[in-house]
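Listed below, chain by chain, are the residues.
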Amino acid sequence: MKLYGYYRSSTSYRLRCALELKGLAYENLPVNLLKSEQKDAAFTSRNPFGSVPMLEAGGQDRAQSMAIIEWLDEAYPDSPLLPADPEQRYLARELAYAIATELHAPLNLPVLKYLKEEYGQSQEQVGVWYRHWLARTLDPLEQRLAQLKTGDFLFDAPGFFEVVLMPQVYNAQRFEFDFKDKPHMSRIEAACLALPPFQRAHPDAQPDNPDAAKD
């Protein structure tokens, strides 16, 4: 497998988490979003969405991280990310898709650049935008986790929900979102970060992270 992604892209990060949790070997091939490499003709000829991640697997180029993650679980059933119980599968999808569908679109890089370039918003104003939409989804998500009385993970082990949550928490922290009133989310984050698969998937461990390259 070949994973085309960007170290700080939340969708690339979630796919790295999924691959690592499932123990699937892959080659990491960086695509620099800041240089718009994902819009190059050579890339869009393979992935018309012009986005990351793209996973080359089974002789095909696969786009859209959530679809890829569910395909991985079906094509490689060992170490499943989704539980067998239908109700638990529903809960994992409910929480994961709350993040994937409500937060990714308004908070991705093209939108943030558009706010700056077309509307003249400062970085501080963009941060206000970012935190506003985070709160709209993460506040009720924390309440849902409290209702479910979650422990270190949504269920007994990390899976579908955690691979989507972790990148969003990482990006939220970059934009100084306050997690003090989110003990369930914070506990899950800490438990995941203690595990080698999440450590290997973390942006700090990626070859295209310029800070990591200096170490």
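Everything numeric here is computed off the predicted structure, so don't read it as measured data.

### Let's talk about the overall build of the protein
Broken down by element type, the protein carries 11 helices and 4 strands. On C-alpha atoms alone, the protein measures out to a radius of gyration of 17 Å, which is about the 17 Å that the 2.2 N^0.38 rule sets for 215 residues. When each of the 215 residues of the protein is scored for burial, the buried share is 46%. Partitioning the intrachain contacts of the protein with sequence separation of at least 6 by distance along the chain shows that 68% fall at a separation of at least 24. As displayed, the protein has an accessible area near 10900 Å², and 51% of this comes from carbon and sulfur atoms. Charged side chains of the protein number 23 positive and 30 negative; the gap between the two group centres comes to 2 Å.

### Quick word on empty space enclosed by the protein
One pass over the full model with this rule turns up 1 cavity of 30 Å³ or more. In this structure, the largest cavity is lined by Ser-10, Arg-14, Ile-99, His-104, Val-164, Pro-167 and Gln-168. Elements represented by at least two residues in the lining of the largest cavity include exactly helix H1 (10-21) and helix H8 (160-174). Broken down by element, the residue count for the lining of the largest cavity peaks at 3 residues, all from H8. A per-class count over the lining of the largest cavity returns 3 nonpolar, 3 polar and 1 charged.

### Some remarks on helix H4 (residues 86-102)
Every α-helix winds through 3.6 residues per turn, so residues three or four apart in the chain are directed the same way. The terminal C-alpha atoms of H4, which comprises 17 residues, lie 23 Å apart, in line with the 24 Å expected from a rise of 1.5 Å per residue. A bend of about 25° at Ala-96 is the largest found in H4. For H4, the complete set of buried residues consists of Leu-91, Ala-92, Leu-95, Ala-96, Ala-98, Ile-99 and Ala-100. Residue Asp-85 occupies the N-cap position of H4, its side-chain oxygen lying 3.1 Å from the main-chain nitrogen of Glu-87.

### Details of the pattern of salt bridges
Applying the stated rule across the entire model yields 8 salt bridges. Residue Arg-46 pairs with Asp-61 through a salt bridge whose shortest N-O separation is 2.8 Å. With Arg-46 in the loop between helix H2 (41-44) and strand S3 (54-57) and Asp-61 in strand S4 (residues 60-63), the pair connects residues that are 15 residues apart, well separated along the chain. Taking relative accessible area as the criterion, Arg-46 reaches 32% and is therefore assigned partly exposed. Since its relative accessible area comes to 32%, Asp-61 is described here as partly exposed. A cluster of three or more residues bridged by salt bridges with shared partners is formed by Arg-46, Glu-56 and Asp-61.

### Remarks on the layout of surface pockets
What the largest pocket holds in volume is close to 930 Å³. Considering the residues around the largest pocket, the lining is formed by 37 residues, among which Leu-33, His-104, Asn-108, Leu-109 and Pro-110 are closest to the centre. Breaking the lining of the largest pocket down by element, the ones donating at least two residues are H1, helix H3 (65-75), H4, helix H5 (104-107), helix H6 (109-119), helix H7 (123-147) and H8. With 5 residues, the single largest contributor to the lining of the largest pocket is H6.

Rules of the game
- Residues numbered from 1 in each chain as written.
- Predicted model: local features only at pLDDT ≥ 70, side-chain atom pairs only at ≥ 80, totals over all residues.
- Heavy atoms only, no water.
- Helix = DSSP H or I, 4+ residues; strand = E, 2+ residues; numbered from the N terminus.
- Rg over C-alpha atoms; globule rule 2.2 N^0.38 Å.
- Buried < 20%, exposed > 50% of the residue type's maximum accessible area, 1.4 Å probe, protein only.
- Contact = heavy atoms within 4.5 Å.
- Areas by Shrake-Rupley, 256 points an atom, 1.4 Å probe, with all protein chains shown as cover.
- Lys, Arg positive; Asp, Glu negative; His and termini not counted.
- Charge placed at Lys NZ, Arg CZ, Asp CG, Glu CD.
- 1 Å grid on protein atoms, 1.4 Å probe; cavity = no way out; pocket = protein on both sides within 12 Å on 5 of 7 lines; lining within 4 Å.
- Points joined across faces, edges and corners; volume = space filled by probe spheres on them.
- Nonpolar A, V, L, I, M, F, W, Y, C, P; charged D, E, K, R; others polar.
- Expected span 1.5 Å × (residues − 1).
- Bend = angle between axes of the 7 residues up to and from the residue.
- Polar contact = N/O pair within 3.5 Å; in protein donor to acceptor, adjacent residues only side chain to side chain.
- Salt bridge = Lys/Arg side-chain N within 4 Å of Asp/Glu carboxyl O.

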